[in-house]
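Per-entry structural report
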Amino acid sequence: MAIAPHVQVLIYEGSGAAELAPARRFAVMASLLDRGYAVRVAGRGGRGVGEGALLVLGEFGGNAPLLEDAAGERAIATLDISGVEDGKVADVVDRQRGERVMNQPGMWKPWFPVIDYSRCTNCMQCLSFCLFDVYGVSGEGKIQVQNNDNCKTNCPACSRVCPEVAIMFPKYSGGPINGEPVSESGVQRQAMKVDISALLGGDIYSRLRQRSDEAKDRFSRERDASKALAERKKCLTKLAADGFIPADVLASLPSPEEIQRKAGEAAARAKAALEMQGGAEA
Amino acid sequence: MSEQTGEPRVIYCRCAYAQVVPPEVKDGVLEHLSAGGRAFEAVADLCEMSAQRDGRLVEIAGGGPVKIAACHRRAVLWLFHAAGAPLAAEGVEVVNMRTLSAAAASARLDAAEIDSAAD
Ligand code: SF4
Ligand code: SF4
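This section reports on the structure supplied with the text. One numbering rule holds for all chains: residues counted from 1, following each sequence as written. Chain labels run from A onward and ligand labels from 1 onward, assigned in the order the entries are written. Selection of residues for local features in this predicted model requires a pLDDT of at least 70, selection of side-chain atom pairs for listing and counting requires 80 or more, and totals for whole chains, interfaces and linings are taken over all residues. Remark: hydrogens and water are excluded; side-chain values derive from all non-hydrogen atoms of the structure.

1. A look at the overall build of chain A
Note the cut-off: Helix numbering and strand numbering both begin at the N terminus, where a helix is a DSSP run of H or I of at least 4 residues and a strand a DSSP run of E of at least 2. For the exposure calls, accessible area comes from a 1.4 Å probe over protein chains only, and a residue counts as buried if that area is under 20% of its type's maximum, exposed if over 50%, partly exposed in between. Throughout, the Shrake-Rupley method with a 1.4 Å probe supplies accessible areas, and for residues the shown protein chains are the sole cover considered.
A count of helices and strands for chain A gives 10 helices and eight strands. Burial analysis of chain A (282 residues in total) assigns 43% to the buried set. Accessible area for chain A stands at about 14,100 Å²; split by element, carbon and sulfur atoms hold 54% of it.

Next comes the structure, spelled out in structure tokens:
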């Protein structure tokens, strides 16, 4: 489960503490970051103070001061790392953190779709496709990622169904899913669908309306639940065969009845949102 | 210091929760930043912060000119947006440690001017 980190580390090299050698400063910072802590070096300025508990770490030579937040808002602890080996500092910090929970790198991965709204046309295909309720619709009828934690780690399938290449997974290996600029070839399939007569007529916006109509049409077709199930299965099987969907995600798919029920619900939500959109455009 | 000179702030993302940035690049950049005298803030993983809607992202987005050493610009911009902390269109340079060498990324962080279109 995702838990907010509650400890920020400040490396203190001001009065009362020795300056760390550059190699030690680097090694300590890298090891703390790799454990999930945010780190700053004191005395260098910078704006914003952050939030959560603050752990001030320095070579205090056995004389670490007791500190208290003057505003009384944040817990501050000091930690003397004099004589502590570079590789052991993160262990000491972990112990000092005590019961404060945070996500552990290696145990949990922030994996969720990120929508590029400069590309998204609000067609709702992602909402209709995802079986795990990751997507939802805002009060204004706009597609949103609403349940990050429901997303199946390492599964980027919905990015493939987005006709606009608008869905990113920043932790994915390849582009454009990882956020790389979208090349012309990435949207080529869209270019092929352009209504030439409308284009010749100078109405490039007809494409957007056409897409919206197509989506509405698709959702009305999907009222036939068995057809929706067959379409999804075909799509998922193809993506799995391409090595695009991890096997454990396929194994965790809901039952066919549940898929039918979810597909029906998603279609209804998407249809309502598209109608709201249509109403707003009219 | 940032406040006095009006230099852009520097945020360094370690990509700690799933390592998509080449280790030699992120180590090289951190080594460069930690050895210099400049203010910078190192965060473990901007993706994780976005997932948590970490309030620090709002402070970063609202704090004026900034250079963010992370990955692709498109990903970083929309990660902030997803956390309710949209970055300004101007005055934000994303230094891509997925594609640049450590030396090139460090040079971009040191440069006084902000390239708001860099990716
Ligand atoms: S499928 Fe793509 S374009 Fe359609 S609503 Fe989802 S993100 Fe937007
Ligand atoms: S923003 Fe990019 S570099 Fe930072 S954690 Fe996410 S994927 Fe990694």
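2. As for the interface of chain A and chain B
Condition: Any two residues having at least one pair of non-hydrogen atoms within 4.5 Å are treated as being in contact. For any pair of parts, buried area is found by adding up, for both, the accessible area (1.4 Å probe) each one loses once the two are put together. The rule for a salt bridge is simple: a side-chain nitrogen of Lys or Arg has to be within 4 Å of a carboxyl oxygen of Asp or Glu.
Between chain A and chain B, the residue contacts involve 54 residues of the former and 47 residues of the latter. Overall, the association of chain A and chain B removes approximately 3,900 Å² of surface from exposure, summing both partners, and the carbon and sulfur fraction of that is 58%. Taken together, the links from chain A to chain B amount to four salt bridges. With a shortest N-O distance of 2.6 Å, B:Asp45 and A:Lys171 are connected by a salt bridge.

3. Details of the packing of aromatic side chains
Residue and element names in this part refer to chain A. To be explicit about the condition: Each Phe, Tyr or Trp ring, with Trp reduced to its six-membered ring, pairs with another whose centre is within 6.5 Å; inter-plane angles below 30 degrees give stacked pairs, above 60 give edge-to-face pairs, and intermediate values give tilted ones. A positively charged side chain is recorded as over a ring if its NZ (Lys) or CZ (Arg) lies within 6 Å of the ring centre. The angle to the ring normal must also be within 35 degrees.
For the coordinates displayed, the defined rule picks out four aromatic pairs over all chains. On the basis of an interplanar angle of 20° and a centroid distance of 4.9 Å, the ring pair of tryptophan 111 and phenylalanine 169 is categorised as stacked. Here tryptophan 111 is found in the loop between helix H2 (86-97) and strand S5 (114-115), whereas its partner phenylalanine 169 is found in the loop between strand S8 (167-168) and helix H5 (188-192), with 58 residues between them in sequence. The same class applies to tryptophan 111 as to phenylalanine 169, namely buried. Across from the ring centre of phenylalanine 132, 4.6 Å away, lies the NZ or CZ of lysine 152, which sits over that ring.

4. Quick word on the side chain of B:Arg73
All names here are of chain B. How we decide: We treat Lys and Arg as the positive residues and Asp and Glu as the negative residues; His and chain ends play no part in the count.
Relative to the helices and strands, arginine 73 resides in helix H5 (residues 73-82). Despite being buried, arginine 73 has no salt bridge partner; aspartate 119 is the closest side chain of opposite charge, sitting 6.1 Å away. With sequence-adjacent residues up to four places away left out, arginine 73 is seen in contact with Ala89, Val92, Glu93, Val94, Ser116, Ala117, Ala118 and Asp119.

5. Some points on the site of ligand 1
Basically, it comes down to this: Distances are taken per atom, and a residue is near a molecule or strand as soon as one of its heavy atoms is within 4 Å of it. Polar here means any residue other than Ala, Val, Leu, Ile, Met, Phe, Trp, Tyr, Cys and Pro, which are nonpolar, and Asp, Glu, Lys and Arg, which are charged; Gly is therefore polar.
Near ligand 1 the following residues occur: A:Cys120, A:Thr121, A:Asn122, A:Cys123, A:Met124, A:Gln125, A:Cys126, A:Ile143, A:Cys162, A:Pro163, A:Glu164 and A:Ile167. Classifying every residue of the shell around ligand 1 gives eight nonpolar, three polar and one charged.

6. Some thoughts on the nonpolar core
Defined as follows: In this text, buried Ala, Val, Leu, Ile, Met, Phe, Trp, Tyr and Cys residues form a nonpolar core when linked through side-chain atoms within 4.5 Å.
A:Leu57, B:Tyr12, B:Leu46, B:Ile68 and B:Phe80 are the most contacted members of the largest nonpolar core, which totals 70 residues. Among the elements that line this core, the one with the most residues is helix H1 (residues 22-34) of chain A, at six residues. Those residues in contact with B:Ile68, other than ones at most four positions away along the chain, are B:Ile11, B:Leu46, B:Val76, B:Phe80, B:Leu87, B:Val92, B:Glu93, B:Val94 and B:Val95. Ranked by size, the runner-up nonpolar core spans 32 residues in total, among them A:Ala266, A:Ala270, A:Ala273 and A:Leu274.

7. Details of the state of the cysteines
Residues and elements named next belong to chain A. Using the following cut-off: When two cysteine sulfur atoms are found within 2.5 Å, that pair is recorded as a disulfide.
On inspection of all chains with the given rule, the structure shows zero disulfides over all chains. Of all cysteine sulfurs, the one in cysteine 158 lies closest to cysteine 130, which takes part in no disulfide; the gap is 6.3 Å. We classify cysteine 130 as buried; its relative accessible area is 15%.

8. Things to note about unusual backbone geometry
Residues and elements named next belong to chain A. For the bond from glycine 175 to proline 176, the omega torsion is -5°, close enough to zero to count as cis. Within the fold, proline 176 resides in the loop between S8 and H5. With phi around 60°, aspartate 133 is a residue other than glycine that occupies positive phi space. With respect to the helices, strands and loops of the structure, aspartate 133 is situated in the loop between helix H3 (125-129) and strand S6 (135-137).

9. Quick word on the environment of A:Lys152
Residues and elements named next belong to chain A. Note that lysine 152 resides in the loop between strand S7 (143-145) and helix H4 (157-161). Separated by 31 residues in the primary sequence, lysine 152 and serine 183 place their C-alpha atoms 27 Å from one another. The residues contacting lysine 152, other than those within four sequence positions of it, are Trp111, Phe132, Val249 and Ser252.

10. Topic: the side chain of B:Lys26
Position of B:Lys26 among the secondary structure elements: in helix H2 (residues 23-35). We note that B:Lys26 is buried and unpaired, the nearest opposite charge coming from A:Asp34 at a distance of 4.7 Å. If near-sequence neighbours (up to four positions away) are discounted, B:Lys26 is found in contact with B:Tyr12, B:Arg14, B:Cys15, B:Gln19, B:Val21 and B:Met97.

11. What to know about the packing of H2(B) against helix H6 (residues 102-110) of chain B
Residues and elements named next belong to chain B. We count it as follows: Angular values range over 0 to 180 degrees, each being the angle between N-to-C directions of two axes fitted as lines to C-alpha atoms, with helices fitted over their stretch in contact. Here the word oblique covers every angle except those under 35 degrees (roughly parallel), over 145 (roughly antiparallel) and from 65 to 115 (roughly perpendicular). Whether a crossing is left-handed or right-handed is set by the direction in which the near helix is turned from the far one by less than a right angle, anticlockwise for left-handed and clockwise for right-handed.
Relative orientation of the contacting elements H2 and H6 amounts to 40°, with a least axis distance of 8 Å. The orientation of H2 with respect to H6, classified from their angle, is oblique. The handedness of the crossing between H2 and H6 comes out as right-handed. Here Glu24, Val25, Gly28, Val29, His32 and Leu33 of H2 come into contact with H6, specifically with Ala102, Ala105, Ser106, Leu109 and Asp110. Looking at the contact of H2 with H6, its residues break down into six nonpolar, three polar and two charged.

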